[in-house]
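Notes for the structure review
Chain residues, written in single-letter form:
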Amino acid sequence: MVRGLRIYRVAKEYEILKIFDPYAIAIMLALKNGEKNISRTNLAASKYAEMTIATTIRKLKQLEEYGLVEALPARKVAGVEERLYRLTERGRKIIEAISDALEIKN
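A few points on the structure. Nothing here was measured: the structure is a model prediction, and the numbers come from that model.

Thoughts on helix α3 (residues 53-65)
For α3, which comprises 13 residues, the first-to-last C-alpha distance of 18 Å matches the rise-based estimate of 18 Å (1.5 Å per residue) to within 8%. Check the buried side of α3 and you find it contacts α1 (22-31), α2 (38-45), β1 (69-71) and β4 (85-87). Trailing α3 by a residue or two, G67 shows a phi angle of about 75 degrees, which is positive.

See below:
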């Protein structure tokens, strides 16, 4: 089971439904236009929801576990390892549908 999720009574085959909350959607919207590191993801997501870096990190891990976001291989930037995140095809389909339904243009 994924840590940090609320306990919902969801059928096993639809377990992915547990991931969706305003923070997950905000992060997916932030990644809709391309890959970003954690800081830039958090900043872009703040347009939709206020969250801490810790929440962004936690939600990115959960989205990754469900195959909606993927982490690219780490790269060195100014001597520090930086990981970029992007939507998977599955994640892109879902956020496009949500964007269309909510008429979010970005």
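Here's the deal with the packing of α1 against α2
At a closest axis distance of 8 Å, the pairing of α1 and α2 adopts a crossing angle of 110 degrees. Comparing their axes, α2 and α1 come out roughly perpendicular. Contact residues: α1 offers A26, I27, A30 and L31, while α2 offers T41, A44 and A45. Of the residues that constitute the contact of α1 with α2, the class distribution is 6 nonpolar, 1 polar and no charged.

Some details on the environment of Q62
Checked against the element boundaries, Q62 lands in helix α3. According to the relative accessible area criterion, Q62 is buried, its value standing at 2%. As a C-alpha pair, Q62 and L43 span 19 residues in sequence and 19 Å in three-dimensional space. Side chain to side chain, Q62 and K59 meet in a polar contact 3.1 Å long.

Looking at α2
When α2 is considered as a whole, its buried residues turn out to be T41, N42 and A45. Considered in projection along α2, the buried side chains sweep an arc of 100 degrees and stay on one side of the axis. Seen from the open side of α2, the exposed residues pointing more than 90 degrees away from its buried face are R40 and L43. As for α2, its buried residues are in contact with α1 and α3. Taking the backbone nitrogen of S39 as reference, a side-chain oxygen 3.2 Å away marks N37 as the first, capping residue of α2.

The rules behind each value
Residues numbered from 1 in each chain as written. Predicted model: local features only at pLDDT ≥ 70, side-chain atom pairs only at ≥ 80, totals over all residues. Heavy atoms only, no water. Helix = DSSP H or I, 4+ residues; strand = E, 2+ residues; numbered from the N terminus. Expected span 1.5 Å × (residues − 1). Contact = heavy atoms within 4.5 Å. Axes fitted to C-alpha atoms, helices over the stretch in contact; angles between N-to-C directions. Parallel < 35°, antiparallel > 145°, perpendicular 65-115°, else oblique. Nonpolar A, V, L, I, M, F, W, Y, C, P; charged D, E, K, R; others polar. Buried < 20%, exposed > 50% of the residue type's maximum accessible area, 1.4 Å probe, protein only. Polar contact = N/O pair within 3.5 Å; in protein donor to acceptor, adjacent residues only side chain to side chain. Arc of directions from axis to C-beta.

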